[in-house]
Each structure stands twice: as structure tokens, then as C-alpha cells.
Amino acid sequence: MVEVRLLISSDGNTVQLFMMQFMLLFSRQGKLRLQKWYVPLSDKEKKKITRELVQTVLARKPKMCSFLEWRDLKIVYKRYASLYFCCAIEDQDNELITLEIIHRYVELLDKYFGSVCELDIIFNFEKAYFILDEFLLGGEAQETSKKNVLKAIEQADLLQEGILGKTPHNMSPALVTATPSEYKWFQVGVERRKLKRQQLPELYCPNEVRTF
Amino acid sequence: MSDVVEKTLTALPSLLSLDSQPGSAKLSSNSKLGNLIRGITELTSKHEEEKLIQRELLLIKEQVSSPNTTMRQMKELMVRAIYCEMLGYGVSFSYIHAIKLAQQGNVLEKRVYLAVSLFLNEGHELLLLLVNTVLKDLQSTNLIEVCMALTVVSQMFPKDMIPAILPLVEEKLNHPREIIRRKAVLALYKFYLIAPNQVQHIHNKFRKALCDKDPGVMSASLHIYLQLIQENPEGYKDLAPSFVTILKQVVGGKLPMDFNYHSVPAPWLQIHLLRILSLLGKNDQTSEIMYEILDESLRRAEMNHNITYILYECVKCIYTIHPKSGLLEKAAKCIGNFVLSPKINLKYLLKALTYVVQQDPKLALQHQMTIIECLDHSDLIIKRETLELLFRITNDQNVTVIVEKMLDFLRISEDDHTTIDLVGKVAELAEYAPDNEWFIDTMNTVFSLGGDLLQPDIPNSFLKLLSEFDSVEEDKKLRLFAVNSYISLLQGDSSKLPQRFLQVICWVLGEYSHLREDLEPGVVVRLLAKLLDMKSSSSETKCWVLMAMTKLCPGGAALALVHDVSETYSSSLDTMLRQRAQELQILSQDSELQAKVLPRSASMEPVEVDSSLSFLDGFVSEALAAGAAPYKPPHQRQEELSRSKLNLEPYGLSLPISISSCSITDRQSPTLLSISSGLSGDSTDFSHKGSTALKLDGVKRLWGRDGYLAQKEQTEEAPRIEAASAVRSADQLGDNNALNSQTPNPTPSPECDQEKQQLASSLFVGLASQSTPAELSALSHSKVTLLFSKQNLDVSACHVQKEDSVVLVVFISNCSDSFLHQIRLQVDSEELETEEYGAMWLAFSHDTKQNLTLIHDGRDPLAATLDVLKRKLQLHVVEIIVEAIVACCLQQDQPCLMHCRMHAGMLAVWLRSPVPDLPDCLLYCCQ
């Protein structure tokens, strides 16, 4: 059973946390692509919950609403192309804003990967985790400014790729002065973008996003 | 396997070939992962996948422990380990390596913190090894390192080690970079959640964070404030104006553009602030400063259909804080608009409507058709939310329909949690029962649908209700009905009935089957004995059966059966069962003792229970003297056990307390069970335990009051008639009744089918009462009282005091769909005797005196004047005594008495009434 953590206030009322319990990303085939747990659970429980939820969500028809009651939690899910984003929140929380959290996360992924698709997340899932950690910390929205989140990620990226940290001397001056996002554009290039657009038919398209 | 992945795999080589380019290491560093993923994709069976992963894991294991592996390779291995774990394979061997890597690695490998945060959770013991690394990184001069350390700290940190890093985190609150300040605030928030005492001394620093110039830091601090204010709203009232100001600025678009989300300024921030405001403004005058900004938020929400999430929070806030009528109306209207939306997710705003109807059930009327539609929605969650809404507007008139809907839902619901919740609600609503049969039938359904998931307090309060009833006659009828219903249930197939239900049946039959005189106890015993033979019966149920048998004390052939039964079970391994069997054996042989121990009529009286069990003192001291260990209460035992390092927590909390063992678990000392108290336990302890173990609120509601709305008349299609200016004569009223089709509610569109309308009228009955016409609502009026009701017609009336007159308004409400044609209404004043008059006269406090001119038309001036008054005011003359004349003006439940006397050629009128303005008004009419 998912443990809902409650604190007791001075007047004896239980205090509700508006904290996300976990987030799962899975494909239409039910393959888990990303999992983030904000409450401590055993591996066995995690597996059980994942299996149960994936089944339930996949069984829902497209015309149905994006919310579910599940045990004592609320599940908010949304499908983007072939990927389902699924969050568990507490009963008192606001389902509609959780839907926007999912959407913001997708936007962040999209901005970072440039037209994100399921493959990006499969092969670079650790990046997806970094973005998530920068956006939601411990189950709470940490930074809602898109610019700030991506800035933090890109700075860390640069450091990791050894651009700023280790080998600045063998880089072209243009690169060193470029801002992180420009740098990314320069490196990853248009080709990859084109390539993905042509060959991945089920691309997530940012324009179709707002489908309430 | 995934089509998409398969299709796109062909694209992989070209994607991966980009590796050669510098900088796009993103994919190249994962090429081994790429191979792994591709490998998995090509497999056809789960079994093959398992084999492949096991092979992979072996490889990883080998490499991570090899000293030749470079840091970069290690990091890559970790990524692969994470992937394997996501697929559901155990990679616990790599946990320690992840921590080691975080420790040794330079800034390049710090991201391995991610692996740590994914592998381990809060309570993991390996986390202790991380403390040093975190400590080192927090002191680093490299921003990114500090960031990562703070990120991992806010996700999980061993509670006991918080003091070690607290000063460092605290220091970061003053860091020049906002990202660090923000993360520090969030880390402190997490510390606050897991160990509130440790961060108590920095509460004023939180205030500084709230005033931070960076909106990110400020909004992070709101997490803390939301918690603090929930726990102690009084302590933070002084901050309310600041929060209002912040919200004003946010709503006004003062934040940098990049905080906008689809042109909505910082929605997350807004929602946080609204939540905080609703906590601060709850039942408090502080709310006044919030009205303006809430109004503004509402206005914006109305304009932009995409910010329903804010609207929802806003409505919740408006309905939580000290109410302001204008705002409430606006909020209700706003929500109404969105509920009408065809978009499925917005239907979910029904949830917000639930808040609205809690304040004012009448508001549900406006949305009745939407609600009906949602009730039939194919999506269960919408249905469920609608039932929740209906639950809030249930009164004693619509209860049958609503409960029926809920039971329908229960029959198709498969989710345990929903079932438990809904069954509880039905049980609660069942107490509005219109009659006994319905109540028992509904509870039967509750017990059979709820099965053994049922909350134990439901059967408890049901039995309590049966045993404690106000009126003897009703009481007997209800019990008798229950007995009848259970007998017929047991005569049918009882093997499908849930255990809890069987227990309830046993108790009821044991206690009350004697009420049915034609029923032999032997028959009941035989039925009960059948339950004992059923395989599915739990030993707890068997205990209940035996107890019931003990109470029945049959004679004749059944006695032999009882003996057999007690014989069988007195050697049972279950001690409870054995005890019950012993009791049965002894008491069935000694009917005198049985009558003494289990008196039939005594269940009503509270039993004195010596909860300190002082009568056992002698026994205890004897046992202690003989070397027995002294008794320790359970919590002490728990403590001792936990001190001995055994983790018993999961059991500590969830000990199921079964009903049958109630009588024992509640006692102070479990050292000894006395037979006599154990016996009386099931029948009499119920009344005693009420104060401690049973949740009994709501019981009174059923039989005491007439429903929580306490208003009965007026359906939504109520034509109304107003008898204008003073009281009209009966005939005039009758004529007016034909003009009736002034419906206060929008009539449902014609295409709505009849069925829905009927459902609506049965669901929303009882909600619209007291809806006096708008033009009257501003005036003071008396309570609307039901005069009479017949078939589909209710007639009710109230007095309305206008400036210059008192008006009796008669409502005629039509409960059916057919139109009213002609109704004659006759108004009769009540007759009153002189004595009654005298008594009333003294009781009324408001009086007025005035002299009036007499009318001289040739007859006796007094009689003539009275005649005129009588005609005009519908007076009822009580008695005329020579000089003093007593007249009485009587109106329904608001009498006004009039005392007239001839005095010096004038009529001295003296009026008295319980209502202050009434005499003045009448006097005005007299002139």
C-alpha cells in the first residue's frame, strides 16, 4: 500500500502534503520508460504498482478523462504520441494543475531534445531524469521557469562533456563564447532534427499539445 | 515488442554515427546502452529478455568491481544498471558502487548522484555512506557540485545526519546565486518534513527567503509556508497581507515573462498562494483583504478557458475563507459555466461544484441536467465524482434515489478502495431512511456488497442502532423486520454471504428472534447450526454463532443439537471458539443462570463495567506472589521490543481489532478473561462501548430530525402565488391559482427525455425550498411552513412583512410533471376560545394602543366598526363582552390579538403580538 505521509498539526488535524507520490512514463505497449518515486517504497511494491497502473491506464479509452482514483491516490495521466505520462498525487491535490505539470515537463523535454520522441527518452533516459530533477524536486515543483530549468541542465551538460571543465583550449573560440543553448544548436545540428522528423512518424508535435 | 522502436531502429545506426562529431557525446557515451536496448527490442519472448539481462548484469557486475574500469566507464555502467532496474531486474550489487563513484569521482562524474537517488530511498542504510560526499560537495566552490549535492539532499537524506549538514545548507540561503538559494530552501523544506524540530531555529530565515528578489526562491519558500500554516494558521496571520500582495503582483503580470505558462503568469505560484490564503482565511476576518484579489483571479479565470486549474483552486479558496456573498455567487456561476463544457476533463470540475453545494445545496439545482448526464457517463471516474456530489445534497426525500444510484455503482465497481469508501457513505445515508424496510434492505445490500472489506464501524453502529431505539413500538417493528429478513436470507443460500454480514445476522437473531412469536428458537438454532458447517465460515463467525445460540436457549430437539455443537467446539484449537462453546454448554443446561446472565430486556440499560477489573486484584497478587511476571501495557512491550532492535512497526499499527474480541482488547489487563464478562460482552457491552470504541455519530440523525435540510416543500417546478397586500379572501386566492407557470428555474430543454427529468426531480427534491420570490427575499419573512400536502401538491405559506403591509404568501408546489389546472384554496382562520385568548394575551410582549374613530351607520357603532374590520382584515371575533370587546386577528403561527373597547366615543384598540411590527402594521390597516 502506498504510504501517504501525514503530519499532525498543533490542533490535532492531519496536515495534507501536496506532494507528488511518483511519476511513471511508459509506452503504449506497456514498457516502462522512466520511473521516479518520491515516496519510499520497496522494490516489490514499486513493481506491483507499476504493473497495476500501466494495465489500468492502457485500458482506458481515449474519450475518457485524464484522472483516475486508485487506492487512496489520484492518478493523472496523459498520452503524448506513443508515451504515457502518469503521475500519482494525493487526494486533496489539484488534478488539473498536475496535468499542466506533465505538460510543462513534456515542453521541457521537447525544448531540450528538440522535438522529443520516445526514442530520445529511451536512449537518453538519464537526461530525462536530470530535467525532471531540475523541474520537480522531491515531488514538488521546484522551478517553473522553462528558461531557468534548461539553463541549469545545459550548464551541467557542458561541464560533463568536458567543454568548460577540462578541455577549453581545443575548442573554437566561437564555441566557448556561445551560450549553452546556442552551443547545443551548433553541435547537434539541423541534420539530426531533419532525420528524426522524416523517420519517426509518431513524433510528438508541440502544436497539438493543448488538448483538454 | 514496440512497433515504434522497431520501426525506428533502422534509423539508429545513422543516429549513432553522429558520435564521431565532437560534443554530441550524448549518444556515443550510451552506445553500449544503445546496443542493450536494441538487443532487447529484437527479442521475441520474455524468457529471452531475462536471459539477456542476466548476462548483461553479470557483465556489469564484473566490470564495476574491476580496478581497471575508468570513471567514465563506471558512469556508463551505472546508466545501464539503472536501465536494467527499470526493466524490473535487481541490481542491488551496484548500489555501493554508485555511492563509491559519487565519493571518488571529480566534478565530471557527479551526475552519478542521479543513480544514487534512483537506486536508494530515504531509509536505505547505504545512505549513511553518502553523508561525507555531500558534506564535501556542499563546501565545493563549483556551483554545479553544490547544486547536485543539494538536489540529492532534498530527495533523500538520513534523518539522523541532518545536523551534520544543516549549517552548510543554511549558509547557502545567503548564496549570491539564486539557483543555490532555491535549492537550499527546498532542502530545508525536506528537512522540515522529516524532522521539524531540527529546523525550528531558522524560521525567520524562511521569511527572508519569502522576500527574496528572485521569484524562484520566493516560490520555493511557499512550500515551507504552506506546511507551517497548515499546522498553525494562527501563528502566520501577520503574513496574510504579504501573500495577498504577492498574489496581486503575480496575477498582475509583474513576474518575468519566462515564468509564464501559456501566457498565464506563474500558475504554480498562484495555486500555492491560493492554498495558503484559504488556510489563513478559514473562519477568520483576515479574509477581507483577500476578496479583491480573489475577485480578480476569478475574473481572469472566466476569460481564459485554459486556466481552469486556477479557477478550481480559487473556488476552493473562496468557499473555505470567511464567506462573502457576492463572491460566492460569482464563483458558483463560474464553475457552472465550466461544468457545462463538453471537454471531458472539465467535467471533472464537478469536484469543485461539490464545495459549492456544501455551502448551499440549492446551487446544485442549476446544474441538475449536467449532473444527471454525468451520472450516466461511461467514464466511471466521472460517475464516481457525481455520486460524491449527490452525497452532499442528500436529504430525506431524495435518499432512496441517491442510494440506489450508489448501489448500482458499487455493483460494477471493482476497486476495493472505492467500494470501501462508497459503502461507508451508503451506510451513512441509510440513516435518512424513509422506513424500516428500506433501511434494513439497504443495509443488507451494504453488507453483502461491502463484503469483508467493510469498515468495522459500519456493522457496529448498525447493531447499536438496532439496540438503542427511542420509541418502543417502532423499535420492535424494525427489529422484527430485521429478524424476518435474516431468517429468509438464511433459509436461502447463505454460503455466499460475507462473514461480517453473517456475524450481524447472528447477533440480531440471537438478540431479537424471540420478538417473532411464531418462531421456535429451535428453528433459528438449526439455521445457525448450518452456518457452522459451512466451509467458508471463519472461526470468528463461528464464535458469533455460538454466542447467538447461547442467547436463544431452545428447548426440545434443538437442545440436543446445541449439545452436539458445544461438544464439537469445546475441543477446538481456537481458544475463543472453545470459550464460547464452554459458555454455551454450561448455560444451555442451566436456564436459570442463563436468564440471569443474559436478561432479555436488559440490553437497553447501560451496564456498569468495572474497567479497572478490581475484582481480580486478589487473583493478580496471588499470581504475582507465585512468581508471575508483572503486566506491561502493550505500548511498553512495543518499546522494549523495539529497543531490542527488532523492527515491529508494520504490526504495531495495523492490529485488526475484531468485533468479537472487542470485549477483551479494550480492557486494561489481558491477563485473565472472566467468563461472565466475556459472555455479557456481545449483548450488553455494545451500549457501554459506545463511548470508546464505536463511532456513533449520525445515529441520532435518522430518527431524531427530519433530514439535514429540515425543509420539505417546493420542488423545482414550483409555481407560486402571491396574495398581495394584506390577507385576501379565500375566493380571491382560488382564482389566482390558475396563473401558475412562473417557474423559478430554467425549464429543461425539450429534447431531454422524460426519464431524465423524472430522475432530476427525484434527485433534487427538497433542495429548493425557502426559495421565496426574488422580490420578497429582501424583506423579512417568516419560516415557510407546510400547510398540507396531497398527492403531488404541496401548499405552504409564509408571512412577509412589507413596509406598509403584512402579506401572506401561499406557495403551491407541484411535485409532478403535469400542469396544474385549477385549484381552489380555502383559507380559514383558526377558531379561538376566550380562555386561550387570555393566556396568549399575557404571553405576547409587543403591544400598541390607539384610538380609532367609530363608524356610525345607524347601527350599533361598535358592531359596524368591527364588521368593517372583520371584512378587511379577516378578523375572527372571539367574544363580545358588554363594554370590553375582545377581538382576535389570527394568522397562521403568527397571531395578533386585538382588544377593542368603547371609550368616550372612540374605539380604543389595543394590539398584542409576538412579532414586533405586526401590531403597527395592522393598526395602519385599521385606520
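As the structure is a prediction and not an experimental result, all values here were calculated from the model.

Asks: In this structure, what is going on with the overall build of chain A? I would like to understand it.
Replies: Scanning chain A for helices and strands turns up 7 helices and 9 strands. For chain A, the proportion of its 212 residues judged to be buried stands at 65%. Partitioning the contacts of chain A with sequence separation of at least 6, the portion at a separation of at least 24 is 55%. Element-wise, carbon and sulfur atoms account for 54% of the exposed surface of chain A, whose accessible area totals about 8,200 Å².

Asks: I tried to follow the overall build of chain B on my own but got confused; where do I start?
Replies: When helices and strands are tallied, chain B shows 46 helices and 12 strands. Restricting the contact set of chain B to residue pairs at least 6 apart, pairs at least 24 apart contribute 65%. Summed over all atoms, the accessible surface of chain B reaches about 42,700 Å², with 53% contributed by carbon and sulfur.

Asks: For this particular structure, what's the right way to read the sheet that holds strand 6 (residues 73-80) of chain A?
Replies: Pairing between the strands of a sheet is mediated by backbone hydrogen bonds and can be parallel or antiparallel. Residue and element names in this part refer to chain A. What the 5 strands build is an open sheet, ordered 4-3-7-6-5; its pairing is antiparallel. In this open sheet, the two edge strands, each paired with only one partner strand, are strand 4 (32-37) and strand 5 (67-70). Strand-to-strand twist in this sheet, taken as the mean axis angle between neighbours without regard to direction, amounts to 20 degrees. Two elements, strand 5 and strand 6, share 4 bridges in a ladder whose sense is antiparallel. Bridge pairing links Leu 68 to Ile 75 in strand 6. Contacts from helix 1 (residues 43-58) reach strand 3 (22-27), strand 4, strand 5, strand 6 and strand 7 (83-90) within the one sheet, and its direction differs from that of strand 3 by about 55 degrees.

Asks: Where do I start with the pairing of strand 7 of chain A in this structure?
Replies: For a regular strand, side chains alternate in direction, first toward one face of the sheet and then toward the other. All names here are of chain A. In terms of burial, strand 7 is largely enclosed, as 8 of its 8 residues are buried. Judged by which residues are buried, strand 7 turns out to be covered on both faces: Leu 83, Phe 85, Cys 87 and Ile 89 on one side and Tyr 84, Cys 86, Ala 88 and Glu 90 on the other are all buried. In this structure, strand 3 lies alongside strand 7, joined through 6 bridges in antiparallel fashion. Within strand 7, the position partnered with Phe 26 by the bridge is Tyr 84. Connecting strand 6 to the next strand, strand 7, in antiparallel fashion are 2 residues, including Ala 81 with a positive phi near 50 degrees.

Asks: What am I meant to see in the packing of aromatic side chains here?
Replies: When we look at a pair of aromatic rings, we describe it by the centre distance and by the angle of the planes. All names here are of chain A. For the structure shown, the criterion picks out 20 aromatic pairs over all chains. Ring centres 4.7 Å apart and planes at 35 degrees place the aromatic pair Phe 22 and Trp 37 in the tilted group. You can see Phe 22 sitting in strand 3 and its partner Trp 37 sitting in strand 4, a full 15 residues away along the chain. The exposure classification of Phe 22 matches that of Trp 37, with both residues buried.

Asks: Got a minute to help me understand the pairing of strand 6 of chain A in this structure?
Replies: Residues and elements named next belong to chain A. Of all the 8 residues making up strand 6, 7 are buried; the element is thus mostly covered by neighbouring parts of the structure. The turn linking strand 5 back onto strand 6 is made up of 2 residues, and Arg 71 within it adopts a positive phi angle of 50 degrees. Examined bridge by bridge, strand 6 and strand 7 share 8 bridges and lie antiparallel to one another. Bridge pairing in strand 7 places Tyr 77 opposite Cys 86.

Asks: Honestly, the packing of helix 2 (residues 95-113) of chain A against helix 16 (residues 267-281) of chain B in this entry has me stumped. Any pointers?
Replies: If you want to describe how two helices pack, look at the angle between their axes and the distance between the axes. Running from N to C, helix 2 of chain A and helix 16 of chain B point in directions that differ by 155 degrees, and their axes come no closer than 11 Å. Classed by the angle they form, the pair helix 2 of chain A and helix 16 of chain B counts as roughly antiparallel. For the crossing formed where helix 2 of chain A meets helix 16 of chain B, the hand is left-handed. Every residue of helix 16 of chain B that contacts helix 2 of chain A at Ile97(A), Glu100(A), Ile101(A) and Arg104(A) is listed here: Pro267(B), Trp268(B) and Ile271(B). Class assignment for the residues of the contact of helix 2 of chain A with helix 16 of chain B results in 5 nonpolar, no polar and 2 charged.

Asks: Please explain the nonpolar core as it appears in this structure.
Replies: In globular proteins that are soluble, nonpolar side chains generally tend to be buried together. Among the nonpolar cores identified, the biggest contains 296 residues, and Tyr105(A), Phe243(B) and Leu528(B) are the most heavily contacted of them. Sequence-distant contacts of Tyr105(A), that is, excluding residues within four places in its chain, are made with Met23(A), Leu25(A), Leu34(A), Phe85(A), Ala128(A), Tyr129(A), Ile131(A), Leu132(A) and Phe135(A).

Asks: Can you help me understand the pattern of salt bridges in this one?
Replies: Think of it this way: side chains of opposite charge can pair up when their charged atoms draw near. Going through the model one piece at a time under the given rule, you end up with 38 salt bridges over all chains. The residue Lys74(A) makes a salt bridge to Glu95(A) at a minimum N-O spacing of 3.4 Å. Here the residue Lys74(A) occupies a position in strand 6, and Glu95(A) occupies one in helix 2, the gap between them amounting to 21 residues. You'll find Lys74(A) and Glu95(A) in the same group, each marked buried. Among the ionic pairs, Arg80(B) bridges to Glu56(B), the shortest N-O distance being 2.5 Å. With Arg80(B) in helix 6 (residues 71-86) and Glu56(B) in helix 5 (residues 46-65), this residue pair connects regions lying 24 residues apart in the sequence. Like Arg80(B), the residue Glu56(B) is buried in the burial classification.

Asks: Hey, could you run me through the environment of Leu465(B) in this one?
Replies: Residues and elements named next belong to chain B. Tracing the backbone shows Leu 465 in helix 27 (residues 457-467). Classification of Leu 465 by relative accessible area gives buried; the value is 2%. In this structure, the C-alpha to C-alpha distance between Leu 465 and Asp 475, residues 10 residues apart in sequence, is 9.6 Å.

Asks: Is there a simple way to think about the side chain of Thr419(B) in this case?
Replies: Residues and elements named next belong to chain B. Position of Thr 419 relative to the elements: it lies in helix 25 (residues 416-429). Accessibility expressed as a relative area gives 8% for Thr 419, which makes it buried. Not counting residues up to four positions away in its chain, the partners in contact with Thr 419 are Leu 410, Ser 413 and Leu 449.

Asks: Could you clarify how one ought to interpret helix 11 (residues 162-171) of chain B in this entry?
Replies: Helical periodicity: at 3.6 residues per turn, an α-helix aligns residues three or four positions apart in one direction. Buried within helix 11 of chain B are the following residues: Ile162(B), Ile165(B), Leu166(B), Leu168(B), Val169(B) and Glu170(B). Against helix 9 (130-138), helix 10 (143-155), helix 12 (178-194) and helix 13 (203-210) of chain B lie the buried residues of helix 11 of chain B.

Asks: Just to check I follow, could you spell out the packing of helix 7 (residues 95-104) of chain B against helix 9 of chain B for this structure?
Replies: Residue and element names in this part refer to chain B. Closest axis-to-axis distance for the helix 7/helix 9 pair is 9 Å, and the angle between their directions is 25 degrees. As judged from the angle between their axes, helix 7 and helix 9 are roughly parallel. Crossing geometry of helix 7 relative to helix 9 is assigned as left-handed. Across the interface between the two elements, Ile 99, Ala 102 and Gln 103 of helix 7 pack against Leu 130, Thr 133 and Lys 136 of helix 9. Here the contact of helix 7 with helix 9 is built from residues that sort into 3 nonpolar, 2 polar and 1 charged.

Asks: Help me understand helix 23 (residues 380-392) of chain B in this model?
Replies: Look at helix 23 of chain B: 19 Å from first C-alpha to last across 13 residues, which is about the 18 Å you get at 1.5 Å a residue. For helix 23 of chain B, the set of buried residues is Ile381(B), Ile382(B), Arg384(B), Glu385(B), Thr386(B), Leu387(B), Glu388(B), Leu389(B), Leu390(B) and Phe391(B).

Asks: Teacher, can you tell me more about the state of the cysteines here?
Replies: Two cysteines, two sulfur atoms, one covalent bond between them: this is a disulfide. All told, the structure shown has 0 disulfides over all chains when counted by the stated rule. The cysteine Cys314(B) is free of any disulfide, with Cys317(B) supplying the nearest cysteine sulfur at 6.6 Å.

Asks: In this structure, what is going on with the confidence of the model for chain B? I would like to understand it.
Replies: Note: predicted coordinates in regions of low pLDDT should not be interpreted at a detailed level. Residues and elements named next belong to chain B. Across chain B, the average pLDDT comes to 72, with 67% of residues at or above 70. Helix 40 (residues 699-704) is the least confidently modelled element of chain B, averaging 34 in pLDDT, while helix 15 (residues 240-251) averages 92, the highest of any element. Reported for the predicted complex are a pTM of 0.66 and an ipTM of 0.76.

Asks: Please clarify how the confidence of the model for chain A should be interpreted in this entry.
Replies: All names here are of chain A. Considering every residue of chain A, the mean pLDDT works out to 72; 68% of them sit at 70 or more. In this model residues 1-12 is a low-confidence stretch, pLDDT under 50, and it forms 42 contacts with partners more than four residues away in sequence or in other chains. Predicted confidence is poor over residues 163-212, with pLDDT under 50, and the contacts of this stretch with residues over four places away or in other chains come to 83 contacts.

Quick notes on the rules
- Within any chain, residue numbers begin from 1 and follow the written order of that chain's sequence.
- Lettering for chains starts from A, numbering for ligands starts from 1, and both go in the order in which the items are written.
- It should be noted that, the model being predicted, local features are given only for residues of pLDDT at least 70 and side-chain atom pairs only at 80 or more, the latter also being counted only at that level, while totals for whole chains, interfaces and linings use all residues.
- Here the side-chain values reflect all heavy atoms present in the structure, with hydrogen atoms and water set aside.
- Secondary structure elements are taken from DSSP: a helix is a run of H or I of four residues or more, a strand is a run of E of two residues or more, and numbering for both begins at the N terminus.
- Accessible area is worked out with a 1.4 Å probe on protein chains only. A residue is then buried under 20% of its type maximum, exposed over 50%, and partly exposed in between.
- In this description, contact between two residues means that some pair of their heavy atoms is separated by no more than 4.5 Å.
- For the area figures, the Shrake-Rupley method with a 1.4 Å probe applies, and any residue is considered shielded solely by the protein chains shown.
- Pairing between two strands requires that DSSP report at least two bridges joining them.
- Only the contacting stretch of a helix is used when fitting its axis, a line to C-alpha atoms as for every element, and angles between N-to-C directions run 0 to 180 degrees.
- Between rings of Phe, Tyr and Trp, where Trp is taken as its six-membered ring, a pair exists when centres lie within 6.5 Å; planes separated by under 30 degrees are stacked, by over 60 edge-to-face, and by other angles tilted.
- Each angle is binned into one of four classes, with values under 35 degrees roughly parallel, values over 145 roughly antiparallel, values of 65 to 115 roughly perpendicular, and all other values oblique.
- Each crossing gets its hand from how the near helix is turned against the far one by less than a right angle, where anticlockwise is left-handed and clockwise is right-handed.
- The nonpolar class holds Ala, Val, Leu, Ile, Met, Phe, Trp, Tyr, Cys and Pro. Asp, Glu, Lys and Arg form the charged class, and all remaining residues, Gly among them, are polar.
- Throughout, nonpolar core names a set of buried Ala, Val, Leu, Ile, Met, Phe, Trp, Tyr and Cys residues whose side chains join them through atoms within 4.5 Å.
- The salt bridge definition used is simple: a Lys or Arg side-chain nitrogen within 4 Å of an Asp or Glu carboxyl oxygen.
- In a helix, the anticipated span is given by 1.5 Å times the number of residues less one.
- Note on terminology: disulfide denotes any pair of cysteine sulfur atoms within 2.5 Å.
- pLDDT expresses, on a scale from 0 to 100, how confident the predictor is about each individual residue.

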